[in-house]
Amino acid sequence: MGLVPMVQLLQQAEAGGYAVGAFNCNNMEIVQAVAAAAEAEKAPVIMQASQGAIKYAGLDYIAALARTAAAAVNVPVALHLDHGTSFEQVMRCLRAGFTSVMIDGSRLPLAENIALTRQVVAAARAVGVSVEAELGKIGGTEDDIHVADADALFTDPDEAGQFVRETGVDALAVAIGTAHGRYRGEPQLDFDRLAAIRARVQIPIVLHGSSGVPDEDIREAIRLGVRKVNIDTNIREAFVERCRAVLAGNPEEIDPRKVLGPAREAAVEVIREKIRLFGSAGKA
Ligand code: G3H
Ligand code: 13P
Ligand code: ZN
């Protein structure tokens, strides 16, 4: 089918009241797993490349893999830059054929985040590429977030309204209590805050750090306006645990295909489950 702009998928999700899965891709097997899962579930899907993935696989390799996968399936696929660090990196992604970029200015003061995001929106829009930005700080599970700090770190609903008005961004990542990586305890999502953001922001909302968030919380977040759900850690777990199991069962194995093939299957299974949970199955 070929790669499509992400905004198209999110607008349809908005109209249908579901969310599109955005799955982090680090190697060929995971790209293939995302494509196979999306096709099996007849679902639109987003493949995304993190900073670590770009370092590991290379931007052009990831773009070529995603393009090949998208052309091979009959469902719409968007290719997205995850947590883009600079205007220059966004430019490299536009040249490589990404159909969506995230510019993550969340560590900057509000005015600087707005200025950087505006610059990216102007350039990306000129070539039909979607833009996601972030407001508030989404922690890593290593950052121990205490409730007292939550107000300083979480997205402020009024600022979110101002940010979207002043940047013209297509999708907004918010900090409402999720974190990247494995959770130590149960995550506590601030749904009141999400509802307040939703009341002030008319564009699709993005949930990061969604691995390990209970299914009912994911459903509630989607009910409150989340239209893109990011999953990385759950894929890594499924993939590596299957590698471990295969090697434990046959410590003499030396054929990478005998290890990575089953790992790819494990990734397909977890991605299919997520697609069904997000309500995007059958929406392609
Ligand atoms: O952005 C969040 C990713 O799950 C972590 O990415 O370790 O591949 O950079 P990375
Ligand atoms: P998890 O690894 O917690 O699923 O987060 C993924 C993510 O938000 C990528 O941007
Ligand atoms: Zn993220």
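Since this is a predicted model, take the numbers as computed values, not measurements.

## What about the site of ligand 1?
Lining the immediate surroundings of ligand 1 are Ser50, Gln51, Gly52, Ala53, Asp82, His83, His180, Asp232 and Arg236. One of the side-chain nitrogen or oxygen atoms of Arg236 is found 3.1 Å away from an oxygen atom of ligand 1. Sorting elements by how many residues they give to the shell around ligand 1 places helix H3 (residues 51-57) first, with 3 residues. Here the shell around ligand 1 is composed, by residue class, of 1 nonpolar, 5 polar and 3 charged.

## Some remarks on the site of ligand 2
Taken together, 15 residues form the shell around ligand 2, and within it Asp82, Gly209, Ser211, Asp232 and Thr233 come nearest. Contact between ligand 2 and Asp82: an oxygen atom at 2.7 Å from a side-chain N or O atom of the residue. Within the side chain of Ser211, an N or O atom sits 2.5 Å from an oxygen atom of ligand 2. Here ligand 2, which alone exposes 310 Å², has 96% of that area covered by the protein. Elements represented by at least two residues in the shell around ligand 2 include exactly strand S3 (77-84), strand S8 (179-180) and strand S10 (226-231).

Each value, and the rule that gives it
- Residues numbered from 1 in each chain as written.
- Chains lettered and ligands numbered in written order.
- Predicted model: local features only at pLDDT ≥ 70, side-chain atom pairs only at ≥ 80, totals over all residues.
- Heavy atoms only, no water.
- Near = heavy atom within 4 Å.
- Polar contact = N/O pair within 3.5 Å; in protein donor to acceptor, adjacent residues only side chain to side chain.
- Helix = DSSP H or I, 4+ residues; strand = E, 2+ residues; numbered from the N terminus.
- Nonpolar A, V, L, I, M, F, W, Y, C, P; charged D, E, K, R; others polar.
- Areas by Shrake-Rupley, 256 points an atom, 1.4 Å probe, with all protein chains shown as cover.

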